[in-house]
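# Results of the structural survey
Below are the chains, spelled out letter by letter.
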Amino acid sequence: MGLFSRRKTKFVDSDVLVIGGGMAGCGATYEARHWGRDLKIVCVEKANIERSGAVAQGLYAINCYMGMQWDENQPEDHVRYARNDLMGLVREDLGYDIARHVDSTVHMFDEWGLPMMKDPETGRYQREGKWQIMIHGESYKPIVAEAARKAATEIYNRIMVTHLLMDKTKENRVAGAVGFNVRTGDFYVFRAKAVIVAAGGASHIYKPRAVGEGMGRTWYAPWSSASAYALPIEVGAKMTQMENRIVLTRFKDGYGPVGAYFLHLKTYTENAYGKEYESTWYEHTKELVGDYIDRHPVPTCLRNHALLEEIKAGRGPIRMVTKEAFQDPHKETVGWENFLGMTIGQAVVWASQNIDPKHTNPELTTSEPYVMGSHATCSGAWASGPEDYAPDEYQWGYNRMMTVDGLFGAGDTIGGTAHKFSSGSYTEGRIAAKAAVNYVNDMGKDAPQVSEEEYENLKQLVFKPLENYEVGRNEIVAGTVSPSYILPIQGLQRLEKIMDEYVGGISSHYMTNEPLLSRGLELLGMLREDMNHIGAEDLHQLQRAWELNHRLVASESVTHHTLFRTETRWPGYYYRGDHMKLDDDNWHCFTLSQYDRQSNTWALEKAPVYHIVD
Ligand SMILES: Cc1cc2nc3c(=O)[nH]c(=O)nc-3n(C[C@H](O)[C@H](O)[C@H](O)COP(=O)(O)OP(=O)(O)OC[C@H]3O[C@@H](n4cnc5c(N)ncnc54)[C@H](O)[C@@H]3O)c2cc1C
């Protein structure tokens, strides 16, 4: 036993364990109580659900609302929209399932006191765009968290989940999870009949544009650390579309959102010389992707593509033309409020750089890539679909159950379902919880059992970085460079550099190819070896060490998927230089991967895309 064996172990038993109390996790916790009145529902969160996850600082719009009560949109319309934006490849069964339930979620938020902007004449929610409705959403997360808190049997804040536990009596069945309290250092063993992973997406996989002291300024939340992918991957759950990493066009340096600007304020973009540029790249893009460029709305990745090409042609920076819209005092107010409810940092950046959008058109930029499943992208776990709607091939168990028995997912965790956003993620949490409760009820007395040996081994592994540091630091008298360990920040920067240079990050304009990807995998393999020598000087750094571990696993997955899909499906998100064209004949399909931890190997395969909605 190592130095840290005297740490306390605490046991928590539950029927349904929800990992991550963000939007999807709160939705799952709330709904699990609705269907499982007498069940023990536990939610475990590495921060505090009051202000955790990507919605922590609030939102200005709910981006997924059908408006069926006013016949504004139907679920089928949303499936068509998401399919079009993702160049044909979405799980239509899962998307439809969210779209048909999402309005009821939003109506609950309204009832719970979320300030919604309403049209004073019609009483309808104020639209920002076809799918988006506007809110005063600074307190969005606390409102949603309150309902989850009231529904849960127990919420465990400040516990970072590091690993899932598997049943010792039945192969391929989940039995719980382990983690540690980031404040007390206690080790936690959560034993559960069903587990819902709702641990958000992944930033800091790729080197960010802002480095050094500014590295926390990323578009996606810097604390989104890929646990949603690493936890299921490590126990052999299949993943899909991990190559579909997203790149965002945003206001430069603050990553302030552009949605309200384009949709509501009707601002538009131009190059450094005041010229419209998207049409310049029409023929060129058509060469690459064929008719997809003629779709309406133009897919998000293709709009990025035109912007990137224009910059590469030497006509950057690209600017958002705000000077016209901001002459209208109402629009000027909306423009600023948009940031105050969601990305205050952008307003601060503009103030610090002498940019008043009424007089200066601000620059746009493209972000480093992120991995997520809820925005204009659909990376994540391969999940079973709804009983009444999914094709046979997409159904092997309960709705939203992964390829591991009893392991469910929602939000950024689940792949194939782009454009769910905050409301759709919450809705998917509800859907997963209902199915998980059914799973628990059907289980009867055949409950999973946890192996003591497994969690004791994990306990040693989890605290090993503290021991590495404690022992290794005696070899150095000053500074942070040790012959025996690497610190989490050093490992993170190494990971980001590998992903940036070999797997299509910002420094190569998102370009990669087979030789680069293969070398990238070798380098990631070496980093994986070195993870045994991570040193953590305190519990905070221990959390960073495990976040890095999860990011590394997700990065390997992204790289394998990118190598497997020998086409450029989403120009503007990434490019395969050796396969620059979209290839519908061979790649109108999903990519699936499965990791085997015994052999440390990855298996990749294709899965069919079924178009259910015409
Ligand atoms: C900048 C930005 C702008 C956005 N704008 C909009 C918008 O305008 N409208 C809209 O509708 N949506 C918007 N979204 C999208 C929305 O925030 C996401 O779709 C949604 O939050 C995803 O829900 P989730 O539950 O999957 O992830 P999250 O809400 O991020 O929740 C994940 C939770 O898991 C926890 N967690 C992670 N790892 C662990 C672990 N190992 N152990 C324990 N807990 C863990 C996290 O702390 C977090 O609480 C935006 C997102 C961002 C980042």
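Before any of the text, the structure's been laid out above.
Values in this document were obtained by computation on a predicted structure and should not be read as measured data.

Now for the side chain of D85. Along the chain, D85 turns up in helix α2 (residues 75-85). No salt bridge is formed by the buried D85. Its closest oppositely charged neighbour is R303, at 8.5 Å. Of note is the side chain of D85, whose polar atom sits 2.7 Å from the side chain of H419. With near-sequence residues (within four places) excluded, D85 lies in contact with V298, P299, T300, A376 and H419.

The next thing to look at is the sheet that holds strand β14 (residues 380-381). Strand order in this open sheet of four strands is β14-β9-β18-β19, and the pairing throughout is antiparallel. Here the strands that pair on one side only, and so sit at the sheet edges, are β14 and β19 (601-608). Where strand β9 (residues 239-240) and β14 come together, two bridges link them in antiparallel fashion. When the sheet's bridge partners are listed, M239 is paired in β14 with A381.

What follows deals with the nonpolar core. By size, the foremost hydrophobic cluster in this structure holds 97 residues, and its most contacted members are L17, I19, L164, F190, V195, Y229 and L407. If you tally residues by element for this core, the top one is helix α15 (residues 539-564), at six residues. I19 has contacts with V44, V161, L164, A177, V195, I196, V197, A198, A199 and L231, leaving out every residue within four places of it along the chain. Grouped together as the second largest cluster of nonpolar side chains are 43 residues, M116, Y125, Y261 and V334 included.

Moving on, we come to the packing of aromatic side chains. Inspection of every chain in the model, using the stated rule, returns 35 aromatic pairs. Taken together, a centroid distance of 5.8 Å and an interplanar angle of 75° make the contact between F408 and Y439 edge-to-face. With F408 in strand β15 (residues 407-409) and Y439 in helix α11 (residues 421-443), the pair connects residues that are 31 residues apart, well separated along the chain. On the accessibility criterion, F408 (0% relative accessible area) is buried. The rings of F251, Y261, F326, W336, F339 and W350 are connected pair by pair, giving a single aromatic cluster. In this structure, R91 is placed above the aromatic ring of W382, and the distance from its NZ or CZ to the ring centre is 4.7 Å. One residue, R303, lies across the ring of F262, its end atom 5.3 Å from the ring centre.

Conventions we followed
In this convention, every chain numbers its residues from 1, walking through the sequence in written order. pLDDT decides what is reported in this predicted model: residues at 70 or higher carry local features, side-chain atom pairs at 80 or more are listed and counted, and totals for whole chains, interfaces and linings draw on all residues regardless. As a convention, hydrogens and water are excluded, and side-chain values are obtained from all of the structure's heavy atoms. Put simply, DSSP H or I for four residues or longer makes a helix, DSSP E for two residues or longer makes a strand, and each gets a number counted from the N terminus. When accessible area is computed with a 1.4 Å probe and restricted to protein chains, residues below 20% of their type maximum are described as buried, those above 50% as exposed, and intermediate ones as partly exposed. His residues and chain termini do not enter the charge count, which takes Lys and Arg as positive and Asp and Glu as negative. The rule for a salt bridge is simple: a side-chain nitrogen of Lys or Arg has to be within 4 Å of a carboxyl oxygen of Asp or Glu. Any pair of N or O atoms that falls within 3.5 Å is considered a polar contact. Within protein, one atom must be able to donate a hydrogen and the other to accept it, and sequence-neighbouring residues count only if both atoms are side-chain atoms. The criterion used for residue contact is that any of the two residues' heavy atoms lie within 4.5 Å. Each pair of strands is called paired provided DSSP finds at least two bridges between the two strands. Working definition of a nonpolar core: buried Ala, Val, Leu, Ile, Met, Phe, Trp, Tyr and Cys residues. They are joined through side-chain atoms within 4.5 Å. Side-chain rings of Phe, Tyr and Trp (the six-membered ring for Trp) are treated as a pair once their centres are within 6.5 Å; stacked means planes under 30 degrees apart, edge-to-face means over 60, and tilted covers the remaining angles. To sit over a ring, a charge needs its Lys NZ or Arg CZ within 6 Å of the ring centre and within 35 degrees of the ring normal.

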